[in-house]
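Spelled out from the first residue to the last, the chains are:
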Number of protein chains: 2
Amino acid sequence: MKHYDLIVLGGGPAGYIAAERAAALGKKVLLAEKKAIGGTCLNEGCIPTKSLLYGAKIYHQSRNSASLGVMAREVTFDLEAAMKHKASVISTLQKGILGQLKRLGVELRTGEGRFLRPGLVSIDGEEIQGRFILLAQGSSSARPPIPGSRENPRVVTSTEILEIRERPKRLAVIGGGYIGMEFAAFFASIGTDVTVIEMMPEIIPTLDPEMARNLRSHLPGITFRRGYRVDRIQEGTLHISPVQSNSSATGAATGAATATGAETIQTDLILLATGRVSRAVEEGLGEAGVALHEGCVVVDEYLQTNLPGVYAAGDITGRMLLAHAAYRMGEVAVSHMFRGDSLPDGSKTAAGRQNWPNKMRFDTIPWVVFTSPEVAGCGLTAREANSRGYQTETVTLPLMVSGRYVAEHPRERGTVTVVVNARDRRLLGVQMLGSGTSEIIHSAAAMIETGWTVENLRKIVFPHPTVSEALRDALWAVPSGSPRDMTPHATGSERAVEAQNTDEPSKTPGTKTHRKDTNHA
Amino acid sequence: MKHYDLIVLGGGPAGYIAAERAAALGKKVLLAEKKAIGGTCLNEGCIPTKSLLYGAKIYHQSRNSASLGVMAREVTFDLEAAMKHKASVISTLQKGILGQLKRLGVELRTGEGRFLRPGLVSIDGEEIQGRFILLAQGSSSARPPIPGSRENPRVVTSTEILEIRERPKRLAVIGGGYIGMEFAAFFASIGTDVTVIEMMPEIIPTLDPEMARNLRSHLPGITFRRGYRVDRIQEGTLHISPVQSNSSATGAATGAATATGAETIQTDLILLATGRVSRAVEEGLGEAGVALHEGCVVVDEYLQTNLPGVYAAGDITGRMLLAHAAYRMGEVAVSHMFRGDSLPDGSKTAAGRQNWPNKMRFDTIPWVVFTSPEVAGCGLTAREANSRGYQTETVTLPLMVSGRYVAEHPRERGTVTVVVNARDRRLLGVQMLGSGTSEIIHSAAAMIETGWTVENLRKIVFPHPTVSEALRDALWAVPSGSPRDMTPHATGSERAVEAQNTDEPSKTPGTKTHRKDTNHA
C-alpha cells in the first residue's frame, strides 16, 4: 500500500497551499481532488467574479468620468467577451497552481477521495496510507427549501450564474450577504434591473450597520427588500413577505420600515445566494469518526480534529469561509504536523518566543466585499469589541481626508474606522468603505498583528498621495486620555492604564466615537 | 512683541502638519506662508498631477478594455475639463487644511516670513518671538543653465505646465526622474508625442535598473534618449549630444547604446524636470547662521539645526523631497521640541522603550512613481543593501502570482521584489512595479518597522484575491538557509546566525536572486 507523509483531500485554497508548504519542507505529499484544481475560489468564486467585476468597473467609469476629462460615446458591455476573459483567467491560474505543485513534487490524483480512519484514505476505491491527513473538501452553495425553487430553470446558484450567455434584463438575488451583493453590483452595473431580498434588517449582517447603509447608498441601481423572506417561487415570480421574528423587530428599530406586507417580484433570473455549507456531512466524515458541530468539522487552534494525525482546514471547518483564511489554516496545520522535525533549540530564546506561536488567529484575518465601492475590514468592529468587554476609542474619518481620494473619487463617500482598546491603546480593528480599500486592508492585519500601541503605529510613514493615508490619519485622530497625543510614551504599563482610568472614569465597556469632517492634501 | 510656542515658516506638508501636531498638544502656534497653503505638493506637485493622471488612466482603459468586455467608440480626452477638475480638487483640499488649522487654533499669517535668529522671525517686517522655530520653506524647480532655455516661452517647469490650456502635439521632457516621468506618462497617454532626455544611462536613477527597464517597456508611446545632455535650445529645437563622462561608460555597459552622436529634436513644448533645490540659500538662512551643506539645511535625526530651538523639516533639508517624508519630519521635530512636557515616567519601562525613539528613519519611508503602471518601494534595494555590507536574499516574483492581477491586468508585466538580510532574516526592502502598487507599499513600511523576521511576517494574512498577496507570496518564496522554511523558529539568536553561516560559506556581501515564474489563484 502506498504511504505518504501527508494526504490532502481537496484541491482548493486550503488543500493546495497545505500541499505546497509540506512539499517545500521535503515531505511526500498526495493531493486528491475530484473536480478542478483551485476549488470553489478559483473555479466558481473569488476569481471568476473578480474577472467580471473589473470589466464592469471600467465600463461604469468610461461612461461616468466626463468631469475627469474622459468623453466617451457609445460604450457597451459585451458579456460574451467578459465571460471569455473569465475563462482565460481561470485557465491561466490553474496552470500556475499545477506547475507549482509539480515543481515541488506534490503528487496530484484526480479522483473521489474518502477519509476512512486516521492514517487511511481511499481514492477511487484504492486504499492509501498517510502519516497525516488533511480534510479540505470545502463547502457547497446552500439551497434553502423554498417551494418552487427546485427544477425551476430560472433559479441558479453562484456556480451556474457564472456560465450564463446573455445579460438578464431582470435579476432577483435571494440573500444580501457578500456573495449576493457582489453579483448584484456586477449585474446592476452592466444594466440589469436587480432586486436583492434579505431576511435580516440590513445587508451583509456582519458589517457595521452604518457602513452597510452607506454601501447601499452607493448602489442606486439596486432595489432592496430588507427584512423579507421568499415564501415561494412560481416560474419568474417571487412571493415575498415580511419576516415575523425577533430580527423583524430589530429591523423596525433600525429602519427596515419597508417590510409592511406581502409582495410579488417579477424577474427573469433568480440567484440563490443564501450562504454556503461545509461538505463534512456529505463527505461522510461524521460516520468515519470525525467530530462535527452543526455540520462542520471541529478543530482547535492548530487545526487538529478529534482524531490523531487528522487535521481539517478551510470551508469544511465552517470557520470564516474565505480563501485566505483557508490558506492560513492549511499553513498552520502543516506547520503543526511537522513541528517536531524543524523546531530549533533557538525557540527557547527571546527571539524564538517572538516567533511563537504559529497558530490560527481569526481576529487578524481581513475580509473584503468586492462591490463598487469595496468594503474591507480586519479585526473587531466597535460593536464586537464592546460585546467582548473592551473599552474602546473609535474614530471614523471620511476618505476625503486623502488628497488622492478627492482627486480620483470626488463623488464617493468612503470612510475609514479604527477601533482602539482604550486601556492599552492597541489597535483592535479597522473597517473601510471605498474604491481601492481591498488593496489597503492587509496593512491593518499587519498592524493588528504587531500588537503595537496607536502611538507607535503613528510612526509608520505612508506614501503621499494615496488613499492608504486615510488610515494613518485615523490613527492620528484617536484621542488620548491625556495631552500626550503624539509623544513616545508608555501605554502598556500599569501606570499608564491607571492614568487613563482617571481620565475616563467609566469602567463599563463603551465606545467614544469621534468624527473629523475635514481633509488635507 | 508677540510670542508663540512655535513659529513655522512655510505652509507646505512639513509646515502645516507640524503646526497641527503642536496645536493638538495645546501649544500656541503661528504658521507663516507667503503663497497658498499646502505648498508645492498641493498646489503644483503631487495633487494636481494625480488629479490629471487618474482621468488619463480611465481614458486609456476605456479604449483598451475590449478583452474585458468594454466596447467604447469615440472616446476623447478633454484637457480643459481635466484642468477644471484639478483646480476643484486643489480648492477642496485647501479648504480642508485651513479648516483643520482653524479648528486646532493655529494662527495663520499670509506674508513674507524671514528667519532672523534663534527665537526671532519677521513676517512682512513685523518681528515675532517663538520658543521654537521650524524652517519649512521647501524647494523650487531647478533651472539648469541650458543656453536658450531662459525667456523661451516654450520652456516650462512643472509649475507652468500644470496651467496649459491645450494639449501639446509634441513634448520634450528634460530629465527622466520621477517628476519628468509622471508628466511624460500623462501626456503620452492623452496622445502627445513625448520624448524624454535623461543624462544618466537609465531613467529614475534611484530605481533598480531592471525595474526601470521594465517601466520603459510599459511606456511604448514615449521616445527615450538616455545618456544624452541638452546642449542648447533654439525655439522648439533641442540640440542634444551623448554624455562624455564616467556615467556614459556605465551607460554603454547597461545598454544605453542609443548615445552615439549629436541629434536635434523638434518639439512644441519643453518641460524642465531636472530636479528641485532647497530654498535655504534663497531664504538667506546661511547668513542668519543656520548651517548648510550643499545649499540645504543640515539637521540631525530629531530635525534640529545647529541653532538652539531651531528645527528644519521637509524639502529645505534636501532629504528625500517627498511630501510624506516632510510630514514625518514635521512630526518628529514637534515631538522632540515638546518631549519634556509629555515624556511620562513609563518611558523607562519595557513598553516605554518599545515606543522610543521617535526619530527620523529614512530607510522606512516609502516612495511611489505615479506612472501607469506605478512603481513603488520602501527600504533598501538589493544593490543598496549590498553596498552597505548586508548579505542578502532577494526574491523577485511576477505580480501574475496574484489571481486578481491576472484578472485585472492580463497584459501588464508587474513584479514584486523583497530584499531580506540573510543573517537575521529581517526584511530590508520591497520594490513593486504594477498598477495599484502605490496603495500596497505602505504595508512594506509597516513590516520593515516591525523588525520581524521573514518567518514571522509570513503569518500575516492578506485578503484574497488582491494584488497585495503577491507581496506575501514573495515573503514565502525567500529561501531558508535550512529546511525550516515555514516553522516558528529563532533567527535572531547567535546560534541561528552560526547555522546560516555554515549553509552559506560566503562571508562577503552578495545577493542570491530567486525567481518563481508561476502563479496561483
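Residues numbered from 1 in each chain as written. Chains lettered and ligands numbered in written order. Predicted model: local features only at pLDDT ≥ 70, side-chain atom pairs only at ≥ 80, totals over all residues. Heavy atoms only, no water.

By the naming in an unreviewed UniProt entry, chain A is Dihydrolipoyl dehydrogenase, taken from Alkalispirochaeta sphaeroplastigenens. Checking UniProt for chain A, the heading Subcellular location (unreviewed entry) contains the comment "Cytoplasm". The Catalytic activity (unreviewed entry) comment attached to chain A in UniProt states, word for word, "N(6)-[(R)-dihydrolipoyl]-L-lysyl-[protein] + NAD(+) = N(6)-[(R)-lipoyl]-L-lysyl-[protein] + NADH + H(+)". (UniProt positions renumbered as here; feature names shortened; annotations may be inferred.)

Q: What's the story with the UniProt feature "binding site: NAD(+)" (unreviewed entry) in chain A in this structure? I'm lost.
A: All names here are of chain A. Taking the UniProt record as the reference, the feature "binding site: NAD(+)" (unreviewed entry) is found at Gly175, Gly176, Gly177, Tyr178, Ile179, Gly180, Met181, Glu182, Glu198 and Gly275. The named residues occupy 101 residues along the chain; their greatest pairwise C-alpha distance, 14.0 Å, places them in one compact cluster. Looking at where Ile179 falls in the secondary structure, it is placed in helix α6 (residues 178–189). Among residues more than four places away in sequence, those in contact with Ile179 are Ser158, Ala273 and Arg276. Of note, Gly180 is situated in helix α6. Residue class for Gly180 comes out buried when judged on its relative accessible area of 0%. Discounting residues that sit within four places of it in the chain, Gly180 has contacts with Val173, Gly175 and Ala273. (Helix = DSSP H or I, 4+ residues; strand = E, 2+ residues; numbered from the N terminus. Contact = heavy atoms within 4.5 Å. Buried < 20%, exposed > 50% of the residue type's maximum accessible area, 1.4 Å probe, protein only.)

Q: Just to check I follow, could you spell out the environment of Val478(A) for this structure?
A: Residues and elements named next belong to chain A. With respect to the secondary-structure elements, Val478 resides in the loop between α16 (469–477) and α17 (494–503). The exposure class of Val478 is buried, given its relative accessible area of 0%. Placed 82 residues apart in sequence, Val478 and Thr396 show a C-alpha to C-alpha distance of 9.3 Å.

Q: In this structure, what is going on with the pairing of strand β24 (residues 415–421) of chain A? I would like to understand it.
A: The two faces of the sheet receive side chains in turn, since in a regular strand these alternate between them. Residue and element names in this part refer to chain A. Among the 7 residues of β24, 7 are classified as buried, and the element is accordingly described as predominantly covered. Side-chain alternation along β24 places Thr415, Thr417, Val419 and Asn421 on one buried face and Val416, Val418 and Val420 on a second face that is also buried. In this structure, strand β23 (residues 392–398) lies alongside β24, joined through 7 bridges in antiparallel fashion. When the sheet's bridge partners are listed, Thr396 is paired in β24 with Thr417. As paired elements, β24 and strand β25 (residues 427–433) share 6 bridges and run antiparallel to each other. In the sheet register, Val419 faces β25, and the bridge partner there is Gly429. The antiparallel hairpin formed by β24 and β25 contains 5 residues in its connecting segment, where Arg425 sits at a positive phi of about 65 degrees. (Pairing = 2+ DSSP bridges.)

Q: Please explain the pattern of salt bridges as it appears in this structure.
A: Close approach of charged atoms allows side chains of opposite charge to pair. All names here are of chain A. Tallied over the entire structure, the rule returns 48 salt bridges over all chains. Between Arg21 and Glu331 there is a salt bridge, and its shortest N-O distance comes to 2.8 Å. Here Arg21, found in helix α1 (residues 13–24), pairs with Glu331, found in helix α9 (residues 323–337); they are 310 residues apart in sequence, far enough to count as distant. As far as burial versus exposure is concerned, Arg21 and Glu331 are alike and both buried. The residue Arg425 makes a salt bridge to Glu455 at a minimum N-O spacing of 2.7 Å. Here Glu455 lies in helix α15 (residues 454–457) and Arg425 lies in the loop between β24 and β25, a separation of 30 residues in the sequence. Here Arg425 falls in the buried class, since its relative accessible area comes to 1%. Look at the salt bridges and you will find they share partners, linking Lys34, Glu112, Arg279, Glu282 and Glu283 into a network. (Salt bridge = Lys/Arg side-chain N within 4 Å of Asp/Glu carboxyl O.)

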